[in-house]
Structures are given as C-alpha cells and as structure tokens.
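Summary of structural features
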Amino acid sequence: MGRLFAAALVAGGMLVGSVSTAGAATLSGAELYSYPFATFPTSTVQPTVDGSSIVFDPIDGNFQTLMLVELAPSSNTFSISVNMTMLPRDSGLIPDHDPHLMIGDGTNFFGILPSNDGVIYGADVVSGNRTYLQNLGVSGAVTPGVNNPFTVDLAFTLAATTTSVTATYLGRDGSYSRNIAFDLSGPLYFALIGDNENGEIYQINSLTGPIPPVPIPAALPLLLSALGVFGFFGWRRKRAAA
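Read on for an overview of the structure. All of these numbers come straight from a predicted model, not from anything done at the bench. (Residues numbered from 1 in each chain as written. Predicted model: local features only at pLDDT ≥ 70, side-chain atom pairs only at ≥ 80, totals over all residues. Heavy atoms only, no water.)

Here we look at the overall build of the chain
Note the cut-off: Strands here mean DSSP runs of E at least two residues long; helices mean DSSP runs of H or I at least four residues long; both are numbered from the N terminus. Remark: exposure states derive from per-residue accessible area (1.4 Å probe, protein chains only) relative to the maximum for the residue type, with buried under 20%, exposed over 50%, and partly exposed in between. For this analysis, residues touch if any pair of their heavy atoms sits within 4.5 Å. All accessible-area figures derive from a Shrake-Rupley calculation using a 1.4 Å probe, and residue coverage is judged against the displayed protein chains alone.
From N to C terminus, the chain includes 3 helices and 15 strands. When the 242 residues of the chain are sorted by exposure, 44% land in the buried category. A sequence separation of at least 24 residues applies to 68% of the contacts in the chain between residues at least 6 apart. Only carbon and sulfur atoms are counted for the fraction: they give 55% of the accessible area of the chain, which is about 11,800 Å².

Description of the side chain of Asn116
For clarity, the cut-off: Counted as a polar contact is a pair of N or O atoms within 3.5 Å, where, for protein atoms, one must be capable of donating a hydrogen and the other of accepting one, and residues adjacent in sequence contribute only when both atoms are in side chains.
In this fold, Asn116 is placed in the loop between β8 (108–114) and β9 (120–126). Residue Asn116 is classed as buried on the basis of its relative accessible area, which comes to 11%. Within polar-contact distance, the side chain of Asn116 engages the backbone nitrogen of His97 at 3.1 Å.

Looking at the environment of Val119
Among the structural elements, Val119 can be located in the loop between β8 and β9. Separated by 23 residues in the primary sequence, Val119 and Val142 have C-alpha atoms spaced 8.1 Å apart.

Examining the side chain of Ser115
Among the structural elements, Ser115 can be located in the loop between β8 and β9. At 3.0 Å, the side chain of Ser115 and the side chain of Asp98 are in polar contact.

Describing the nonpolar core
Nonpolar side chains in soluble globular proteins generally cluster together in the buried interior. In plain terms, the rule: Residues grouped as a nonpolar core are buried Ala, Val, Leu, Ile, Met, Phe, Trp, Tyr and Cys residues, joined through side-chain atoms within 4.5 Å.
Counting residues in hydrophobic clusters, the biggest one holds 44 residues, and the most contacted among them are Phe56, Met67, Ile80 and Phe190. Broken down by element, this core gets its largest block of residues, 5 residues, from strand β11 (residues 149–158). Setting aside anything within four residues of it in sequence, one finds Met67 in contact with Leu32, Thr39, Phe40, Pro41, Phe56, Phe190, Ala191, Leu192 and Ile204. Within the second largest apolar cluster, 9 residues are counted, among which are Met102, Ala123, Ala191 and Ile193.

Let's talk about unusual backbone geometry
What you tend to see is this: most non-glycine residues have negative phi, and most peptide bonds are trans. For Ser127, which is not glycine, the phi dihedral falls at a positive 50°. Looking at where Ser127 falls in the secondary structure, it is placed in the loop between β9 and β10 (129–135). Phi is positive for Asn147, which is not a glycine, with a value near 70°. Within the fold, Asn147 resides in the loop between β10 and β11. Using a relative accessible area of 47% as the deciding quantity, one classes Asn147 as partly exposed.

Rendered as structure tokens:
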C-alpha cells in the first residue's frame, strides 16, 4: 500500500498544471513561460514573469527571435490574437515599441509589425534579417498608450504561392501578402521577434491561437490504477466492518 501511495503521489505531481484543449486555446504570458511547446532562442534576452504576463527586457536589436510557440492549425486559415502592454522606458515619453508578430518555420518568418505610433507594417524576417517592410497605409497619431493593454488580431492564410495576413490593431485593419516559402516538413511557429532598436520592452499578457495541448503524462495510467486499488481496499474495509 505504501508503495502504491507513493506512486500515486508521483503520478499526481506530474499531472499538476497540465492542460488539454482542442482547437483555439488561450495561454497567459506566465503560462507561456512554462509551456512545453514554447522556446526562447535568444540567450541574451531571456524573459521574466510579472504576475500573469511575460516580459522581454531589454531588447538589444538585430531582429532577434525572442519566442517561438509551436502551432497546430487544423487548416490553412487560422487566427492568432496577442494581448500586449506597452511599458514605459522614460517618464512622460512614448517608448519605441515595434514587436514583430509573425508565423514561420524557425528560419523564415512573415507577419505584422504594430508600431507604437499606430502604423501597421507588413514584414518579412529571413535568417535573422528583416528583408522587407511595407507600410500598409494604416497610420495616424494613434497609440495604445503606456501601461494600457491592447490586442492585435491576426488572420492568416497559407496558400500554395502566397501567405497573407489581415491585422486588426487599435480598431483599424491592414492586409499584407507575400510570396515567402516555409519549410512545412517541421513545425509551424508563432514568433515574437524584436526590432533593431535597442532598449525596447515587450510584455505579452496572453496568446490565443491553434496551440497544441500539453500531452497527458505517461504516468496517468499508473495514477488511475493506484487510485483504483485504494478504492478496492477501502471497499473491503467497509464490507468487513459491516
């Protein structure tokens, strides 16, 4: 009994924090930090957890890939929503805040740059270099404001020759298409890529999209069998006492 109880405790501990979802799922920034399908490739800019958010500070330029989150879309059309907060760097000033919110194969990336001044750009990043940047004609003196959460909604379509995205940011829409090749023999990722300006801070509060569920631990059958044995012995004790 003692060994079974210990085994059940071990198995139960492995289950703590696991998530099982289907279709679109939402993870907080803090959950992304420990999510098994998220990686943080840039060793010099490792994230920290602040409450339920994840923060990358400071960015030191060079279009660094800060976070990769594996995707599992069920079709070639899917949506991703990113909730962020623009954090201050200097009191009273609107900071530079130009995160690249992209999809890609780990080397080639395609997506949107929602600028701190309200401009929506389409962008490509290939092998660590931004190879293309296009103002999508959505601009103006609009800013999310310092310390105010905002959401960028992205609708992607992967086609044989082009990849396209429509972004909604601060109540306005912009669309972008490019002929960019992804190697889809491996995973498709959502990527947070930094700008080439030093000192930017990116805070992600949540990410919603076709995120794969956390696998159920292999210890689950052991846990269930151990709990079944406990139930059986409890039943025998009650029957003997009757």
